[in-house]
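Here's the letter readout for the chains.
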Amino acid sequence: MKIVLASNNSGKIRELTAMLAPYDIELIPQASLGIEDIAETGLTFIENALIKARHAAEKSGLPALADDSGLSVSALHGAPGIYSARYAGEQGNSSRNIDKVLSELSNVADDKRQAEFHCVLALMTHDKDPVPLICEGKWTGTILRERRGMEGFGYDPIFYVAEEKKSAAELPAELKNRISHRGQALQKLLQLLPDKLNECSYS
């Protein structure tokens with residue numbers, strides 16, 4: 001089964017490709033088909049995931065999977081949220097985004113630095129799919145005062161996972177992919193995927 005991944009984010013492509021490797025699914029990054037990113041004009045992770053999945057399905061004629069995810073920090077009233085990738089103003093500049101979060105939390109006590117990673121995966125069998133498959137995952141942690149670790153991407157170096165006593169960027173990829181927000185959402189999606197993809201025969 002070929003599915004277009006509606007993302008040009010190298011980190012997401014790497015993680016989702018690794019997670020889906022054991023399954024009979026060929027994940028095709030949209031860039032390899034000449035499909036550019038579409039503006040994320042939604043106000044929620046779900047809305048943006050649907051926008052991206054619909055765009056990729058329309059342009060490719062194939063089922064499309066989109067991931068919209070981000071960091072929500074309690075002391076920042078949920079920010080960066082849906083603006084996580086462009087929080088410091090420039091799309092995809094993880095270093096500047098991290099610097100901005102750390103600066104805004106500089107005077108926040110250690111016991112007030114709670115945060116969550118959120119992920120929404122949306123699968124559409126075609127661009128007019130009236131019942132897209134939507135799965136969500138949430139990963140709870142706290143924000144460190146400085147970067148730790150070299151793995152992962154995005155905000156991983158400052159996201160501390162108490163159960164592992166490490167930042168997300170210090171975790172082995174296999175472990176992170178199993179316990180992260182994206183891993184949780186994908187496990188839910190894989191349980192529902194066979195029935196959803198059967199719709200392709202009738203669409």
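It should be noted that the structure appears before, not after, this text.
Every chain's residues receive numbers from 1 upward, in the order its sequence appears when written. Given that the model is predicted, a residue must reach a pLDDT of at least 70 before its local features are reported, and side-chain atom pairs must reach 80 or more before they are shown or counted; all residues, however, enter totals for whole chains, interfaces and linings. Side-chain figures throughout are based on the complete set of non-hydrogen atoms in the structure, without hydrogens or water.

## As for the overall build of the chain
Numbering of helices and strands starts at the N terminus; helices are DSSP runs of H or I of at least 4 residues and strands are runs of E of at least 2. Per the secondary structure count, the chain includes five helices and seven strands. When the elements of the chain are put in sequence order from the N terminus, they spell out β-α-β-α-β-α-β-β-β-β-α-α. Taken over C-alpha atoms, the radius of gyration is set against a globule rule of 2.2 Å times the number of residues to the power 0.38. Expected size for 203 residues packed as a compact globule is a radius of gyration near 17 Å; at 17 Å, the chain falls within 12% of this value. Counting only C-alpha atoms and orienting by the principal axes, one finds that the chain spans roughly 55 × 30 × 25 Å.

## Examining the nonpolar core
In this text, buried Ala, Val, Leu, Ile, Met, Phe, Trp, Tyr and Cys residues form a nonpolar core when linked through side-chain atoms within 4.5 Å. Only protein chains enter the accessibility calculation, which uses a 1.4 Å probe; a residue is then buried when its area is under 20% of its type maximum, exposed when over 50%, and partly exposed in between. Ranked by internal contacts, the top residues of the largest apolar core, which has 21 residues, are Leu71, Ile143, Tyr155 and Phe159. Elements that contribute at least two residues to this core include exactly strand E3 (64-73), helix H3 (94-104), strand E4 (114-124), strand E5 (133-143) and strand E6 (159-161). When residues in this core are grouped by element, the largest group, three residues, is from H3. Only heavy atoms enter the contact rule, under which two residues are in contact if any of them lie within 4.5 Å. Leaving out residues up to four positions away in the same chain, Phe159 has contacts with Leu71, Ala115, Glu116, Phe117, Trp139, Thr140, Gly141, Thr142, Lys166, Ser167 and Ala168. Membership of the second largest hydrophobic core comes to 20 residues, among which are Met19, Ile25, Leu189 and Leu193.

## Notes on the packing of helix H1 (residues 10-20) against helix H5 (residues 181-198)
Each axis is a line fitted through C-alpha atoms, and for a helix only the stretch in contact is used; angles between axes span 0 to 180 degrees, taken between their N-to-C directions. Two elements in contact, H1 and H5, have axes separated by 11 Å at closest approach and are oriented at 45°. The orientation of H1 with respect to H5, classified from their angle, is oblique. When the axes of H1 and H5 are compared, the crossing they make is right-handed. Of H5, the residues touching H1 (which contributes Lys12, Glu15, Leu16, Met19 and Leu20) are Arg182, Gly183, Leu186 and Leu190. Residues are grouped as follows: Ala, Val, Leu, Ile, Met, Phe, Trp, Tyr, Cys and Pro are nonpolar; Asp, Glu, Lys and Arg are charged; every other residue, Gly included, is polar. Its residues assigned to classes, the contact of H1 with H5 shows five nonpolar, one polar and three charged. Angular relationships are summarised with four words: roughly parallel below 35 degrees, roughly antiparallel beyond 145, roughly perpendicular across 65 to 115, and oblique for the angles in between. Take the far helix as the reference: if the near one is turned anticlockwise from it by less than a right angle, the crossing is left-handed, and if turned clockwise, right-handed.

## Thoughts on the pattern of salt bridges
A pair is scored as a salt bridge if a Lys or Arg side-chain nitrogen falls within 4 Å of a carboxyl oxygen belonging to Asp or Glu. Scanning all chains against the criterion turns up 14 salt bridges. Close ionic contact of Lys176 with Glu15 constitutes a salt bridge, the shortest N to O distance being 2.5 Å. On the criterion of sequence distance, the pair formed by Lys176 in helix H4 (residues 173-179) and Glu15 in helix H1 is long-range, its members being 161 residues apart. Take Lys176: its relative accessible area is 3%, and that puts it in the buried class. Residue class for Glu15 comes out buried when judged on its relative accessible area of 6%. Where Asp99 meets Arg147, a salt bridge forms, and the shortest distance between an N and an O atom there is 2.9 Å. You can see Asp99 sitting in helix H3 and its partner Arg147 sitting in the loop between E5 and E6, a full 48 residues away along the chain. Of the residues examined, Asp99 reaches a relative accessible area of 38% and is grouped as partly exposed. In this structure Arg147 comes out as partly exposed when scored by relative accessible area, which is 37%.

## Comments concerning the packing of aromatic side chains
Here the aromatic set is Phe, Tyr and Trp, taking the six-membered ring for Trp, and pairing holds for ring centres within 6.5 Å; pairs whose planes are under 30 degrees apart are stacked, those over 60 apart are edge-to-face, and all others are tilted. This structure, assessed with the given rule, holds three aromatic pairs. Ring-pair connections join several aromatic residues into one group, and the members of that group are Phe117, Trp139 and Phe159. Only when the NZ atom of a Lys or the CZ atom of an Arg is both within 6 Å of the ring centre and within 35 degrees of the ring normal do we say a charge sits over the ring. For Lys100, the ring lying beneath its charged end belongs to Tyr87, and the centroid distance is 4.3 Å.

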